[in-house]
Amino acid sequence: MRRIRANAIAILTVAWILGTFYYLWQDSKPASTPSSSASQARGRGHGQKLVPGRLEIHRDDRTIPLIVTQPPRDEQQSQLLGGFDEKAYLAAKQLKPGDDPYREHAFNLQESDRLGSERAIRDTRHYRCASLAYDAELSSTSIIITFHNEARSTLLRTIKSVLMRSPPSLIQEIILIDDFSTDPEDCQLLSQIPKVRCLRNSRREGLIRSRVRGANTASATILTFLDSHCEVNADWLQPMIQRVKEDHTRVVSPIIDVISLDNFAYLAASADLRGGFDWSLHFKWEQIPIEQKMARSDPTQPIRTPVIAGGIFVMDKSWFNHLGQYDTHMDIWGGENFELSFRVWMCGGSLEILPCSRVGHVFRKRHPYDFPEGNALTYIKNTRRAAEVWMDEYKQYYYSARPSAQGKAFGSIADRLTLRRKLNCKPFRWYMENVYPELRVPEQEAVSSVLKQGGMCLETRGRDGLGLAECRGAGTNRPQSQKWELVEPLIRQQDLCLAISAFTAGSKVKMELCNSKEPRQKWKPKGPALQHMVSGLCLDSQSTSGPLVIAQCRPQVAGQSWEPQVIV
Ligand code: UD2
Ligand code: MN
């Protein structure tokens, strides 16, 4: 009996010791998920055990003191937040019973408030990201957050997540630009937090001019832009600063995870997406092209992207300034991400998404704020400016996709055109061919025309010959040989196209099988003339009897004036 009791005591003792060790081990483990990083361990969210400064284990008559090295939670908070009273800040604005929790912010404010100022989130990166190393010496960054009537809980969570999940030495400052929110205290009170500065606009400027104001006052050499309803994830900042350090012309974004606007669940976004758009300049996420996907053997590698979503990116400050910051004649919201993206690519930089950097963002279905000039007109003004300055002849597709944009005011773009010239930026055609070849140019409706020169018409003769002849027939009775379809860049007749025989002045022009990739077949209108795109020479009839050739462009000369007349 005694032996059984002794055994039982021994077993219980061992179990107790193991239990104690397990408890302590649990407590010193990094917060949140299995793969979470040390930076998250510094900021412990809800749902974890608190870390007391001193643990005491009582056994019989002995007391074993255990000193735990991590500071207690309250101490961490006060270091992070200085004298700022976050409870009072949040409590001052509460949803009243019966209020619609979606009304003011277009997300569920009740859920956001319930979460409070911080929480643990899942580390959504690929597991290989956690073992990547970054330079010990990285420059610090100024975080720029502009907001208009943001909810206090989302704004504070954005700031605290930055302070908790970034190496402190990388955060130079957090600049808040209060874009004339109703309550100035939303911003002012937050400036009690160490490193946080608050600038208030004296009138509503919109996010574009607000960000420029933030960038102009930033003291770090690297700029980081964030929306006001984000939560940054483990090690979000190091990969982005590292890429910019290696090449200052890179503009980098994280993968943007989704924070549910209904229940604020933090959801991992796909790692196979990049930014794209359609011709109406509507941003969309799209799959990485299949060839690129196949070639990706390392899931931690950057993803080249034609455009960025716009809200969350890191950019070298001197590069931002060199490239002309933003187009400050754009108002409130929208379009600036295209303008910046085209400019970065076309003027010598690049855009990429870094899969090892993750930032959550509350995506909404509607704007919770007003647009003084109306939502549609503002978007048209901003995207028209982007199209007019950067899209060259491709802007026609923007206008066909968005006919209502025609004739709408968009202000003067002279300064931006000067900037483009000064920076010696490449044409949009280059962007289409090298950065976004997947964007399909819409099929133009093939309209039959005659190409007239006075009373004479361009016609085909025999298999590949060409010449001018008296225009014959009328309307649909025109002979086939005089009917042309102008589908840029081709000038075609059935399956044959107008082509030059050589790239020098005086070379004959003939007909051959159409191939829109063939440089000898590419033409574009130049005033009344038809210019061969590659040689820069113009279609010339010289004399009505001679062969057709290409010659130095002189559109005022009768032999180069081609008047397309649609056949109806
Ligand atoms: C996306 C971008 C956003 C911006 C926009 C196009 C992300 C995550 N978000 O829209 O940053 O590029 O596309 O313009 O990529 N704000 C002001 N003043 C205003 C209006 C808005 O400060 O007059 C603030 C707003 O509080 C927010 C930020 O600008 O912090 C972006 O606005 P949003 O969240 O309504 O835009 P979003 O995420 O739909
Ligand atoms: Mn947003």
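Residues numbered from 1 in each chain as written. Chains lettered and ligands numbered in written order. Predicted model: local features only at pLDDT ≥ 70, side-chain atom pairs only at ≥ 80, totals over all residues. Heavy atoms only, no water.

Asks: Any chance you could explain the coordination of the manganese ion (ligand 2) here in plain terms?
Replies: When a metal carries six donors in an octahedron, the ideal angles between them are 90 or 180 degrees, while four donors in a tetrahedron ideally lie at 109.5 degrees. Binding of the manganese ion (ligand 2) to the protein goes through D227 (OD), H229 (NE2) and H361 (NE2), at separations of 2.2 Å. Sequence positions of the donors to the manganese ion (ligand 2) reduce to the motif D-x1-H-x131-H. A relative accessible area of 5% places H229 in the buried class. (Donors = N, O, S within 2.8 Å, 3.2 Å for Na, K, Ca; no water. Buried < 20%, exposed > 50% of the residue type's maximum accessible area, 1.4 Å probe, protein only.)

Asks: Would you explain the pattern of salt bridges in this entry?
Replies: Any two side chains of opposite charge can pair, on the condition that their charged atoms come close. Within this structure, the stated rule accounts for 42 salt bridges. For K245, the salt bridge is made with D135, and the minimal N-O distance between the two is 2.8 Å. With K245 in helix α9 (residues 237-246) and D135 in the loop between α5 (109-115) and β3 (141-147), this pair connects stretches of sequence that are 110 residues apart. Notably, a salt bridge pairs D331 with R209, separated by 3.1 Å at the nearest N-O pair. Here D331 is found in the loop between α11 (317-322) and α12 (336-346), whereas its partner R209 is found in helix α8 (residues 207-217), with 122 residues between them in sequence. Look at R209 and you get partly exposed, because its relative accessible area is 24%. (Salt bridge = Lys/Arg side-chain N within 4 Å of Asp/Glu carboxyl O. Helix = DSSP H or I, 4+ residues; strand = E, 2+ residues; numbered from the N terminus.)

Asks: Whenever I open this one, the confidence of the model for the protein chain confuses me. Can you help?
Replies: For residues with low pLDDT, the predicted coordinates do not support detailed interpretation. Across the protein chain, the average pLDDT comes to 88, with 85% of residues at 70 or higher. In the predicted structure, residues 19-61 sits below a pLDDT of 50 and forms 94 contacts with residues beyond four places in sequence or in another chain. Note on residues 63-69: pLDDT under 50 across the span, and 19 contacts to partners over four residues away in sequence or across chains. Scoring of the predicted complex yields 0.73 for pTM and 0.99 for ipTM. (pLDDT = per-residue confidence, 0-100. Contact = heavy atoms within 4.5 Å.)

Asks: I keep staring at the site of ligand 1 and nothing clicks. Help me out?
Replies: Contacts to ligand 1 come from 21 residues, most closely from T146, S228, G334, E336 and Y369. Burial of ligand 1 by the protein amounts to 93% of the accessible area it has alone, namely 740 Å². Elements that contribute at least two residues to the shell around ligand 1 include exactly β3 and α8. Of the residues contributing to the shell around ligand 1, the split by class is six nonpolar, nine polar and six charged. (Near = heavy atom within 4 Å. Areas by Shrake-Rupley, 256 points an atom, 1.4 Å probe, with all protein chains shown as cover. Nonpolar A, V, L, I, M, F, W, Y, C, P; charged D, E, K, R; others polar.)

Asks: Any chance you could explain helix α15 (residues 414-422) here in plain terms?
Replies: Those residues of α15 not exposed but buried are R416, L419 and R420. Down the axis of α15, the sector holding all buried residues measures 100°, keeping them to one side. The exposed set on the far side of α15, more than 90 degrees from its buried face, consists of D415, R421 and K422. On its buried face, α15 is in contact with α12, α13 (375-390) and α16 (428-434). Positive phi shows up at N424, right after α15, with a value of about 60°. (Arc of directions from axis to C-beta.)

Asks: Please clarify how helix α6 (residues 152-165) should be interpreted in this entry.
Replies: Three- or four-residue spacings in an α-helix give side chains the same orientation, since the helix completes a turn every 3.6 residues. A rise of 1.5 Å per residue sets the reference length of α6, with its 14 residues, at 20 Å; its end C-alpha atoms lie 20 Å apart and thus fit the reference within 8%. In terms of burial, α6 is a largely internal element, 14 of the 14 residues being buried. (Expected span 1.5 Å × (residues − 1).)

Asks: Even after reading the chapter, I still don't get the side chain of H105, so can you show me in this structure?
Replies: Along the polypeptide, H105 turns up in the loop between α4 (86-91) and α5. Within the structure, the side chain of H105 is placed 3.3 Å from the backbone oxygen of N149, a separation counted as a polar contact. Those residues in contact with H105 that sit more than four places away from it in its chain are N149, E150, A151, R364 and P368. (Polar contact = N/O pair within 3.5 Å; in protein donor to acceptor, adjacent residues only side chain to side chain.)

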